Amino acid sequence: MKSKKRDQWIAFWMVPAFFNVFGLVFVPLSWMMPPRSPNAPEPQMISFMQSHNLLIACALLTLVYGFAPVGNSIYLIQIKRMSVSPVFRYTLMVGSITGAIVGMLFPMFCFGLGAFRSGYRPSILLMLYDFGYLAFIGSLGCFCIMWMAFALAIILDQNNVLPKWLGYYTLWQYVTELMAAPVWISKSGPFAWNGLMTFWFAMALYVPWQIIVYVCIYRSIKNQPDDELESAWLHQTSPATDVRPKATA
Amino acid sequence: MTAVATTARRSIPGAPSMWFFVIGDLIIFGCYFVAYMYYRGQDHTLFLHSQARLNLDIGAINTIVLITSSLFVALGTAAARAGTVTDAVRLFGIGLGFGAAFPLLKLFEYVPEIVGGVTPGTNLFFMFYFVMTGMHLCHVLLGLVVISFVIRNLRTAPTPNISLAETGATYWHMVDLLWLVLFALLYLMR
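What you see is a predicted model; the values in this text were computed from it and never measured. (Residues numbered from 1 in each chain as written. Chains lettered and ligands numbered in written order. Predicted model: local features only at pLDDT ≥ 70, side-chain atom pairs only at ≥ 80, totals over all residues.)

J.: Break down the overall build of chain B for me, citing the residues and quoting the values.
T.: From N to C terminus, chain B includes seven helices and zero strands. Its helices and strands in sequence order give chain B the pattern α-α-α-α-α-α-α, from N to C terminus. Dimensions of chain B, computed from C-alpha atoms along their principal axes, come out at roughly 60 × 30 × 20 Å. Within chain B, buried positions represent 34% of all 190 residues. Within chain B, contacts between residues separated by at least 24 positions form 80% of all contacts whose residues are at least 6 apart in sequence. (Helix = DSSP H or I, 4+ residues; strand = E, 2+ residues; numbered from the N terminus. Buried ≥ 20, exposed ≤ 12 C-beta atoms within 10 Å, placed from the backbone. Contact = placed C-beta atoms within 7 Å.)

J.: A description of the overall build of chain A should follow, citing residues and the corresponding values.
T.: Assigned secondary structure in chain A consists of nine helices and zero strands. Taken from the N to the C terminus, the helices and strands of chain A come in the order α-α-α-α-α-α-α-α-α. Along the first, second and third principal axes, the C-alpha set of chain A runs to 70 × 35 × 25 Å. Considering chain A as a whole, with its 249 residues, one finds that 34% of them fall into the buried category.

J.: Tell me about the interface of chain B and chain A, and please be specific about residues and values.
T.: Counting from both sides, the interface comprises 13 residues of chain B and, opposite them, 13 residues of chain A. Put simply, the parts of the chain that give the side of chain B that touches chain A at least two residues each are α2 (16-42) and α6 (124-156) of chain B. In terms of residue count, α2(B) provides more of the side of chain B that touches chain A than any other element does, eight residues in total. Residues of the side of chain B that touches chain A, tallied by class, amount to 10 nonpolar, three polar and no charged. (Nonpolar A, V, L, I, M, F, W, Y, C, P; charged D, E, K, R; others polar.)

J.: Go over the environment of Phe92(B), please, and point to the residues and values.
T.: Residue and element names in this part refer to chain B. Here Phe 92 shows up in helix α5 (residues 85-115). Between the alpha carbons of Phe 92 and Ser 148 there is a distance of 8.6 Å; along the sequence they are 56 residues apart. Contact partners of Phe 92, with chain neighbours within four places excluded, come to Val 73, Gly 76, Ile 147, Val 150, Ile 151 and Leu 154.

J.: I'd love a proper account of the packing of helix α1 (residues 6-29) of chain A against helix α4 (residues 67-80) of chain A, names of residues and values included.
T.: Residues and elements named next belong to chain A. Running from N to C, α1 and α4 point in directions that differ by 125 degrees, and their axes come no closer than 8 Å. Compared by their axis directions, α1 and α4 come out oblique. At the point where α1 passes α4, the crossing takes the left-handed sense. The residues of α4 that touch α1, namely those facing Gln 8, Ala 11, Phe 12, Met 14, Val 15 and Phe 18, are Phe 67, Ala 68, Val 70, Gly 71, Ser 73, Ile 74 and Ile 77. A breakdown of the residues in the contact of α1 with α4 according to their chemical character gives 10 nonpolar, three polar and no charged. (Axes fitted to C-alpha atoms, helices over the stretch in contact; angles between N-to-C directions. Parallel < 35°, antiparallel > 145°, perpendicular 65-115°, else oblique. Left-handed = near helix turned anticlockwise from the far one by under 90°.)

J.: Describe in detail the environment of His136(B), supporting the description with residues and values.
T.: Residues and elements named next belong to chain B. With respect to the helices and strands, His 136 occurs in helix α6. Its 21 C-beta neighbours within 10 Å are what place His 136 among the buried residues. Other than its neighbours up to four places away in sequence, His 136 contacts Leu 178, Trp 179 and Leu 182.

J.: How would you summarise unusual backbone geometry if you had to cite specific residues and measurements?
T.: Residues and elements named next belong to chain A. For the bond running from Met 33 to Pro 34, omega is -5 degrees, close enough to zero to count as cis. Here Pro 34 lies in the loop between α1 and α2 (42-49). One non-glycine residue, Trp 31, adopts positive backbone phi at about 55 degrees. With respect to the helices, strands and loops of the structure, Trp 31 is situated in the loop between α1 and α2. Although it is not a glycine, Asn 160 sits at a positive phi angle of roughly 50 degrees. Inspection of the secondary structure assignment puts Asn 160 in the loop between α7 (141-156) and α8 (164-179). We classify Asn 160 as exposed; it has 12 C-beta atoms within 10 Å.

J.: Outline the environment of Ser73(A), listing residues and values.
T.: Locating Ser73(A) in the fold gives a position in helix α4. Spatially, the C-alpha atom of Ser73(A) lies 6.9 Å from that of Ala11(A), the residues being 62 residues apart in sequence.

J.: Provide a residue-level description of the packing of α6(B) against helix α7 (residues 162-188) of chain B, including the pertinent values.
T.: Residue and element names in this part refer to chain B. Remark: α6 packs on α7, axes separated minimally by 9 Å, with the N-to-C direction vectors making an angle of 160 degrees. Taken as axis vectors, α6 and α7 run roughly antiparallel relative to one another. Here the hand of the crossing between α6 and α7 comes out left-handed. Here Tyr 129, Met 132, Thr 133, His 136, His 139, Val 140, Gly 143, Val 146, Ile 147, Val 150, Asn 153 and Leu 154 of α6 lie close against α7, whose contacting residues are Leu 164, Ala 165, Gly 168, Tyr 171, Trp 172, Val 175, Leu 178, Trp 179, Leu 182 and Leu 186.

J.: Summarise the confidence of the model for chain B; cite the residues concerned and give the values.
T.: Residue and element names in this part refer to chain B. The predicted model of chain B has a mean per-residue pLDDT of 91, with 95% of residues at 70 or higher. Predicted confidence is poor over residues 1-6, with pLDDT under 50, and the contacts of this stretch with residues over four places away or in other chains come to five contacts. For this predicted complex, the interface score ipTM comes out at 0.83, while the overall pTM is 0.86. (pLDDT = per-residue confidence, 0-100.)

Right under this line is the structure:
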C-alpha cells in the first residue's frame, strides 16, 4: 500500500539534499565559509570577491534556494498538529521567508555581484564584502522571532508532537541569533563576524540542533496517525459525502 | 496536599525538561566564562583597567538582591509543598519584588556607563561585560515572567501545581548562580 505521507517525506528528504548542496557550495567551491576576516588584506579580499567560483556558487545557491520553502513546510505541518495558536505557525512561516531574503538572498547578490563584472573599484568591492557577511551573519531579528515561535509552540503544546527538551534547545537557537549581534560593532577578535563567540560558538550550537530537530521531526511524521493527516480526505474510500476540510487557518 | 508533596519528592523537583535547559544553559555560560578567562589572560592590564570603571556598589547590591529573592522563592516552594498556599503566594510575591529590583538597578548601572561613553565597542572587556550581563538580564526578565505564572497558578488554581513552582524555582536559582559567577569574574577578580 502506498504511503499516505509521501508528500511529507518528499519535503523531509528535500532538506538533507538541500543542506548538502549548501555545504558544498559554501565551503569547498567558494570558501565563503568559514567567514573571512573583516580585516582581510585588500588584495586577498579583491581576489575572493572577483573569483569565478564565487559567481558560480552564488548562481547555484540562488537557484536551489527554492527548495528551502519545501523543506520548511515540514515544520509548519508539525506545528499545525500542536495545541497552540496559529499565530506561532504564521510567525514561523513569515519569519523564515523574511529571514531567508535578508540572510540568504542579500549575501548571494552581494557576493555574486562582485564576481559578475571585473573592474569594480576596491572600495565598492569592500562594501559588497561587508554587506554580504553582515547580512549573512548579522541578520538577526527574523530568525530570532522565528525560532522563538517554534520553541514556544513546542513548549506550550499539550499534544506532545515534539519533545519538550527540543523546545528548550530551540530557545538557545534563538539565543545564538542574539549572540551574533556584536558583529555590527567588532571588526576583530572573538566578537567579529568570523569570531570565536559569534560564529564558531553559534555554529557549535546550531549544527547539532539542526540534525537533532530533523531526527525529532522524522519520528514525529512517522508517529502521526494516518487518519489525522491533513490529506486524509484524499484517501477516503467512499466519495459519497464531501469530506474535504473547509479552508481553515 | 501531603500526597502531592510526597509524589513530587520521589522524582527530581520540577519538570525534567527544565533540568535539561538548566544544565545546557550552564554549559553555554560556562563556554563564555572560559572564553572570557582566555582573553583576559591575553591582555590582563586592559581588562583590569576597564574593570575598575564598573560600578561595584550596584553590582554588590544586585548580588544581595538576587540572593534574597532566591531565598524567598525557595521558602515559597517549601510553603507550596507544605500546602500553605497563602504563605507560598506571599513568599513568591516578595521574591518577585526583589527580582524586579534587579533590572531597575541594572538600568542605573547601564545608562550612566553608556552616557559616559562606555559601550560594547570601547574594548574587549566591555564587549564581554555587555554581552554576558545582557544575556543574563534576558534570563532575569524571563524568570520574572515565570515567577508571575507560578504566583498566578498558586492564587487561582483549585489544586496548585507544585511541579510548576519547583520548575520556576529551579530556573530562578540558576539565574542567581550565573550572576554570582558573573559578579566574581567581571567585578571582583583581580
